[in-house]
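Architecture and fold: a report
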Amino acid sequence: MKQGFDLAASLVRGVEGRSGAWSFIQGFAAHWSSTLETGDGWTEADLAAAEERLGVRLPAALREAYLLFGRRRDLTSNHDMLLSPAELHVDDVREALVFRHENQGAASWGILLDSLQDDDPAVFIRSDLADKTAERWDGWLERLSLCFVEIVLSESVQADGESCNFLDPDDNSIELLEGNCVQLPFPAYPIGEEEHATRWFLGQDVLLRDDDGMAVLARGRMPEDLDRIRDLIPGDWLNDYR
């Protein structure tokens, strides 16, 4: 698999539904990190205990993701935090089941309670605001399995080490990104923000996330892959000490 994984082609199938999403994550882990193994997921007993505590049945997509790779922090929690089954909770206004937190508590991701019966429900995000009356659950991605693909991609470009870096881009940087890399077939998100959406690109063994021209995060399979992309897109890279 390490020799034959086609990230772009696998991602096409990964955004179509749950089985494709899990296949993509398995291939991505094997090629860009390490192969998924028994013990990388939580157990049925862990999930059953969470369901009993919460008094709800967890959606199929959430159960499948947690069982497959929920304990793999390198895939889920380099920056933001995927909650363990014991940490899953209903938000304080009792609108959503919360399963992920932003690393400084600035936002949470959740599934609306009235959609928990769906196998692959939509995911929403709520910012933590000073004015609590202004907080609301806004659309993030239309399916939970798609959100887990995004989690694995986003956490991969925010890992520690020499294979990851951050670019403070200018207009020329974005033009070079678009000219030297292929945009990946991932839906625009957050929902309703198509004009200011996050975009994903692939260079030669380099994965890049463009946050609406405000920041570019990059992950090379190897440090030398990242060096190559920094040569193609010169600019204010955070940790380029060459």
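So, here's what we can say about the structure. Please read all numbers here as calculations on a predicted model, not as lab measurements.

Reading guide: rules and limits
Residues numbered from 1 in each chain as written. Predicted model: local features only at pLDDT ≥ 70, side-chain atom pairs only at ≥ 80, totals over all residues. Heavy atoms only, no water. Pairing = 2+ DSSP bridges. Helix = DSSP H or I, 4+ residues; strand = E, 2+ residues; numbered from the N terminus. Contact = heavy atoms within 4.5 Å. Axes fitted to C-alpha atoms, helices over the stretch in contact; angles between N-to-C directions. Parallel < 35°, antiparallel > 145°, perpendicular 65-115°, else oblique. Left-handed = near helix turned anticlockwise from the far one by under 90°. Nonpolar A, V, L, I, M, F, W, Y, C, P; charged D, E, K, R; others polar. Core = buried A, V, L, I, M, F, W, Y, C linked by side-chain atoms within 4.5 Å. Buried < 20%, exposed > 50% of the residue type's maximum accessible area, 1.4 Å probe, protein only.

Turning next to the sheet that holds strand β7 (residues 164-168). One key point about sheets: their strands pair by backbone hydrogen bonds, in either a parallel or an antiparallel sense. A sheet is described by the order of its strands in space; here six strands give the open sequence β8-β9-β10-β11-β7-β12, paired in antiparallel fashion. What marks the edges here is a single partner per strand, and that holds for β8 (182-183) and β12 (236-237). Across two bridges, β7 lies against β12 in antiparallel orientation. Counterpart to Asp168 in the pairing with β12 is Asp236. On the sheet, helix α7 (residues 171-180) packs against β7, β9 (198-202), β10 (206-211) and β11 (216-220) and is oriented at approximately 50° with respect to β9.

Before going further, it helps to spend a moment on the packing of helix α1 (residues 7-14) against helix α2 (residues 18-32). Running from N to C, α1 and α2 cross one another at 155°; their axes reach a closest spacing of 7 Å. Relative to α2, the element α1 lies roughly antiparallel. Crossing of α1 over α2 shows left-handed handedness. Residues Leu7, Ser10, Leu11, Arg13 and Gly14 of α1 pack against Gly20, Ala21, Phe24, Phe28 and Trp32 of α2. For the contact of α1 with α2, a count of residues per class yields six nonpolar, three polar and one charged.

To continue, consider the nonpolar core. Grouped together as the largest cluster of nonpolar side chains are 55 residues, with contacts concentrated most on Leu62, Leu88, Phe99 and Phe148. In terms of residues, this core owes the most to one element, helix α6 (residues 144-156), which gives eight residues. Leave out the neighbours within four places in its chain, and Leu62 touches Leu88, Leu97, Phe99, Ile111, Leu144 and Phe148. Core analysis: the second largest hydrophobic core is formed by 13 residues, Leu167, Cys181, Val206 and Ile229 among them.

Read these as spatial facts, not as claims about activity.
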